[in-house]
Amino acid sequence: MALTAFRKLRTKFDWPLFGAILAIVAIGLVNLYSATRVAPKGLYQNQLVWFSVGGVLFMVTAASDYRLFERLAYAIYGVGIVLLIAVLIGGKTVKGSSRWLGFGPFGIQPSELAKIAVIMGLAKLFAGDPMDLALRPWRYLLSALALMGVPMLLIMKQPDLGTALILYLIATTIIMVVSLQLHVKLITLGGELLVGTVFFLFKLHGYQKKRLLTFIDPSLDPSGAGWHARQAIFAVGSGRWTGKGWLHGTQNQLQFLPEHWTDFPFAVFAEEWGFVGCAILIGCYLFLILWALNLAAEARDRFAETLCVGCAALLFWHVFFNIGMVAGILPVVGVTLPLISYGGSSLLTVMVCLGLIMNVSIRRYSY
Amino acid sequence: MTKSRLTPRAKGTHAPPRRFAWAQVSVAACFLVLIGRLYQLQVMSGEYYMRKSADNFVKELELPATRGQIRDSKGRVLVDNRPAYNVYITPRFFNTDGLTKLKKYLELSDDQATALEVKIASKRGLDRFRQMLAFEDITRDQMALLESEKNDLPGVAVQAVAHRNYPHGQLAAHVLGYMNQITPEELADRRQRADTLNYHLGDYVGRAGLERQWESFLRGKDGIERIVVDAKGQRKDSAELETLLGGPQRSEPQPGNDLVTSIDLDLQEATEAALAKHKAGAAAVVEVDTGRVLALASWPEPDPNVLTGRLTRAEAAALNDDPLRPMMDKALRENYFPGSTFKIVPTIAALEDHLVDPDAIITCYGGLRFGKRMFHCAETHGKLDLHFALAESCDVYYYELGQTLGLDRMARVARDLGYGEPTGIGLNAESPGLVPSMDFYKRMPGGFQKGFLLNTAIGQGDVKATVLQVAMAYAAIANGGKLWVPQIVERVQSPDGTTLQEFPPRLRRQIAASADTLQKVRSALHDTVNHPKGSAWAARVPGLDVSGKTGTAQVGKNHKEGAEGDENNSHSWFASFAPSQKPEIAVVVLVEHGGFGAKASAPTAMEIYEAYFHKPHYELPKKKRPAHQDEEQTAATDEATTQTAAAAAPSGEWH
């Protein structure tokens with residue numbers, strides 16, 4: 001059984017997908033080397049370990065038949081929720097948020113894995129009888145919102161606004177792309193906007209609100225949250241056409257960029273490689289996401305289709321939010337750049353996602 | 001595995017649904033926005049952000065220039081610089097424990113500690129990593145203490161800097177001036193005017209006296225060193241990074257130039273020692289042949305060492321509220337009634353315009369009834385002519401003379417002698433004084449009244465003069481009518497001693513008075529001190545040949561004197577020069593509320609002359625004096641006149 005799966009993996013291997021992944025991984029490793037030169041010692045080595053683990057995870061995810069995941073979808077979702085509750089009870093508190101569950105020297109963030117859990121859960125939900133889906137769309141929709149809402153609330157409790165936002169965006173993207181009637185989609189979107197506004201006005205922490213407001217008007221806080229954003233823009237802009245050269249980014253090397261190996265590695269990349277480098281990197285991401293959406297369209301069944309859409313949405317929103325934040329067109333929220341940012345949980349999540357896309361790709365024609 | 005739940009989509013039966021295409025278009029559109037934004041930042045505004053990032057890591061270190069020294073005429077140092085220790089704090093690394101320790105070691109008051117706390121708390125972002133100046137000029141002991149406790153004081157650094165030093169304490173405080181930090185407003189103002197002196201926040205700037213007036217000569221030019229720093233402000237020494245700097249990395253500071261003044265340290269010390277016997281006053285010593293100021297003093301005076309640096313609010317308040325006004329330069333800025341020292345003006349006017357017969361006798365009965373008012377004289381002088389009227393300082397004679405002369409005639413002579421306009425010394429915004437004329441009174445609400453003539457003739461009423469003005473006028477009388485511009489800076493020299501600029505004596509004008517007139521005035525001034533009837537006879541010192549004029553400027557109700565310093569007491573003047581035959585210096589002393597001129601001011605002036613002529617360590621200036629043949633001649637006539645006058649006087653009256 002396992003042997004067949006790996007043979008299939010070899011014969012039907014999606015080389016363009018893999019090529020794009022490899023390109024981004026290479027860029028990520030080269031860039032992280034520069035970004036972590038001034039970081040605490042050992043970060044780069046840690047990340048190499050995570051990459052090995054991630055590589056294995058990618059192979060395993062890609063090789064296993066996704067129907068196994070379909071059967072286990074709600075169980076996986078359940079494990080995700082349990083971990084989120086566990087982190088609230090016994091998580092490590094870093095900078096005022098409890099996001100981490102410790103396993104020996106490496107900690108993981110359950111909120112990252114929750115993204116996979118929600119994608120699985122939603123894929124399973126929308127894989128039901130299409131007649132039923134068409135007849136009772138609101139029932140499915142409410143279930144979908146519940147599947148999204150529970151982990152979202154748990155994550156906001158940590159609090160981790162960035163991840164909750166990404167979770168919301170992924171779920172909404174899935175709802176927008178699955179085969180539901182147009183008016184159902186529009187009403188959902190409108191309702192979400194309303195809830196979002198109320199939430200911003202009444203439930204957001206002061207500092208979170210301030211961060212968003214500072215984005216709208218940076219002069220509100222020239223040296224606090226706004227300062228980080230401005231330094232990132234200086235870094236990006238000063239890269240000009242071809243960049244200052246690898247290891248020669250002054251904003252990076254002289255530590256003018258805040259947390260540049262987790263949230264701002266793109267600023268390091270943009271500074272050292274310039275517009276040309278950025279265009280190539282964004283091109284790679286674009287190819288990857290469009291390819292994943294193609295695979296969704298060609299997928300053999302509805303579960304695979306939704307799974308692919310969800311994984312593509314995860315990649316897209318991470319890339320769009322991270323680069324948008326660095327380039328100053330989106331507020332500063334802690335969202336990582338897939339395969340480029342430092343961090344184990346984020347990397348493993350992305351690797352699983354890519355594994356799932358590969359999985360669907362391999363199994364799209366034959367059964 | 002419930003296969004019924006799976007809904008396989010038959011491959012190739014229909015085209016993929018539109019919704020995926022829409023999703024792809026949306027993704028592409030969003031990424032296009034990102035690319036567009038990056039194009040805008042990196043390509044369109046790339047140069048701008050390049051400069052911005054360069055501003056981040058290039059830090060310009062100021063290399064402060066050494067300020068020039070101020071020296072006396074013999075090259076002795078009046079103002080220099082000394083090493084001082086400043087305390088700097090980096091807020092990011094500082095803690096409350098450190099604050100408690102600093103408070104103890106530096107003996108701070110609660111207010112100071114709170115102020116520091118507030119200052120530290122106000123720093124945000126990158127500023128928290130930058131050193132800020134916390135305390136200036138701590139003592140050596142405090143510095144040693146802080147250095148030894150260094151490890152327990154994170155974020156605290158002590159640095160040696162040059163601090164302005166006035167080695168003679170308060171000596172010549174008003175001449176030398178003082179310094180303090182430039183304010184942010186002044187800085188903005190100077191930047192706007194594209195000031196070349198290039199000040200930075202925290203720089204000291206001259207606030208008074210020579211320090212202020214000669215700021216641009218003394219200051220020098222700060223050097224700059226460009227270094228690479230990281231976000232914490234820490235210097236990065238690496239060849240790779242230094243290539244980022246481009247351009248020259250260091251320009252050396254150019255030290256300021258030294259001033260050599262005409263002040264004589266010994267004479268200044270003697271002048272202030274003499275003046276310090278009184279509560280408040282001023283004195284000026286001027287070289288009559290050049291107009292150079294040898295000593296200039298205002299008493300009491302603040303210590304510029306205290307003013308330059310850590311002046312507490314209490315100290316500042318004490319200086320400003322002191323009734324003796326130590327912050328006021330009484331030699332240049334304060335106007336006084338010149339009192340009887342002004343009588344030279346009507347005297348010259350009378351002689352020049354031949355309006356009175358100098359030998360005509362007027363009898364003083366101790367006062368003059370004018371209209372409904374009684375104008376008093378200091379005493380009942382009896383019969384006297386012009387010569388003795390001046391020597392004995394008889395007011396009644398001058399009341400009559402004033403009426404004869406009229407206001408404008410006196411004003412003309414007064415202005416000619418330099419009264420009523422600034423002397424041009426260019427220090428401390430000197431007061432112009434005031435000479436009333438008919439025009440002046442026409443503009444006044446009450447208009448002109450005849451009584452003003454009487455008051456003006458004796459230097460009261462509306463006549464105002466500064467001590468230096470009187471000194472310049474008496475120097476002109478002494479030197480044969482040359483009114484000099486008083487000079488205090490003889491030359492500017494570079495730190496290595498090369499003369500850069502010299503300032504030769506500057507003549508303001510030759511006054512319009514004949515040699516004969518001046519001779520008559522000098523002769524009367526000689527008798528003021530040297531004739532038993534003269535008003536300063538009591539103050540004469542054997543061995544000193546002084547000519548002068550007393551003055552008792554009435555400022556309160558006392559016609560007779562009370563205790564010195566009583567605010568109703570008159571101000572005491574003595575304006576003089578010596579030696580009488582070949583005058584070298586003019587000395588003018590004013591003692592506030594000192595009473596009669598002969599009692600308070602004249603002895604003070606005599607002490608100054610003694611210092612000038614007799615102090616063993618005082619070297620007489622060996623300057624080649626211009627030959628005054630006419631003076632020799634007039635000196636001879638002088639004696640003759642004196643004798644004649646004495647002979648002409650009714651016998652028994654004088655001796």
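For the structure itself, consult the block above.
Let us look at the structure shown here. Everything numeric in this text was worked out from a predicted model, so none of it was measured. (Residues numbered from 1 in each chain as written. Chains lettered and ligands numbered in written order. Predicted model: local features only at pLDDT ≥ 70, side-chain atom pairs only at ≥ 80, totals over all residues.)

Further remarks concern the interface of chain B and chain A. You'll often see interface size given as the accessible area lost when the parts meet. Every contact between the two is made by 39 residues of chain B and, on the other side, 44 residues of chain A. Contributions of two or more residues to the side of chain B that touches chain A are made by helix H1 (18-44) and helix H2 (46-57) of chain B. The element contributing the most residues to the side of chain B that touches chain A is H1 of chain B, with 16 residues. Here the residues of the side of chain B that touches chain A are counted per class, giving 24 nonpolar, eight polar and seven charged. (Contact = placed C-beta atoms within 7 Å. Helix = DSSP H or I, 4+ residues; strand = E, 2+ residues; numbered from the N terminus. Nonpolar A, V, L, I, M, F, W, Y, C, P; charged D, E, K, R; others polar.)

So, on to H2 of chain B. Residues and elements named next belong to chain B. Helix length check: H2 (12 residues) gives 17 Å between terminal C-alpha atoms against 16 Å at 1.5 Å per residue, within 8%. Taken residue by residue, H2 has Gly-46, Tyr-49, Ser-53, Asn-56 and Phe-57 as its buried positions. Taken end-on, H2 shows its buried residues confined to a sector of 80°, consistent with a single buried face. H2 presents Glu-47 and Asp-55 as exposed residues on the side facing more than 90 degrees away from its buried surface. (Expected span 1.5 Å × (residues − 1). Buried ≥ 20, exposed ≤ 12 C-beta atoms within 10 Å, placed from the backbone. Arc of directions from axis to C-beta.)

What follows is about the packing of helix H3 (residues 43-63) of chain A against helix H15 (residues 344-362) of chain A. Residue and element names in this part refer to chain A. Across the interface, H3 lies against H15 with an axial gap of 7 Å and an inter-helix angle of 25°. Here H3 lies roughly parallel to H15, going by the angle between them. The two elements H3 and H15 cross, and the hand of that crossing is right-handed. The segment H3 lies against H15, with Trp-50, Phe-51, Val-53, Gly-54, Leu-57, Phe-58, Thr-61 and Ala-62 engaging Gly-344, Leu-347, Leu-348, Met-351, Val-352, Leu-354, Gly-355, Leu-356, Met-358, Asn-359 and Ile-362. (Axes fitted to C-alpha atoms, helices over the stretch in contact; angles between N-to-C directions. Parallel < 35°, antiparallel > 145°, perpendicular 65-115°, else oblique. Left-handed = near helix turned anticlockwise from the far one by under 90°.)

Take the sheet that holds strand S8 (residues 223-228) of chain B next. Spatially, three strands are ordered S1-S8-S9 (chain B) in an open sheet, and the strand pairing comes out antiparallel. Two strands close off the open sheet at either side, each with one partner strand: strand S1 (58-63) and strand S9 (250-251) of chain B. (Pairing = 2+ DSSP bridges.)

All names here are of chain A. For the pair helix H13 (residues 265-298) and helix H14 (residues 302-326), interaxial distance at closest approach is 10 Å and the crossing angle is 160°. With respect to H14, the element H13 is oriented roughly antiparallel. As for the relative orientation of H13 and H14, their crossing is left-handed in sense. Along its contact with H13, which presents Phe-266, Ala-267, Tyr-285, Leu-288, Ile-289, Ala-292, Leu-293, Leu-295 and Ala-296, the element H14 presents Glu-305, Cys-308, Val-309, Cys-311, Ala-312, Leu-315, Phe-316, Val-319, Asn-322, Ile-323 and Val-326.

The values reported here are purely geometric and, on their own, carry no functional implication.
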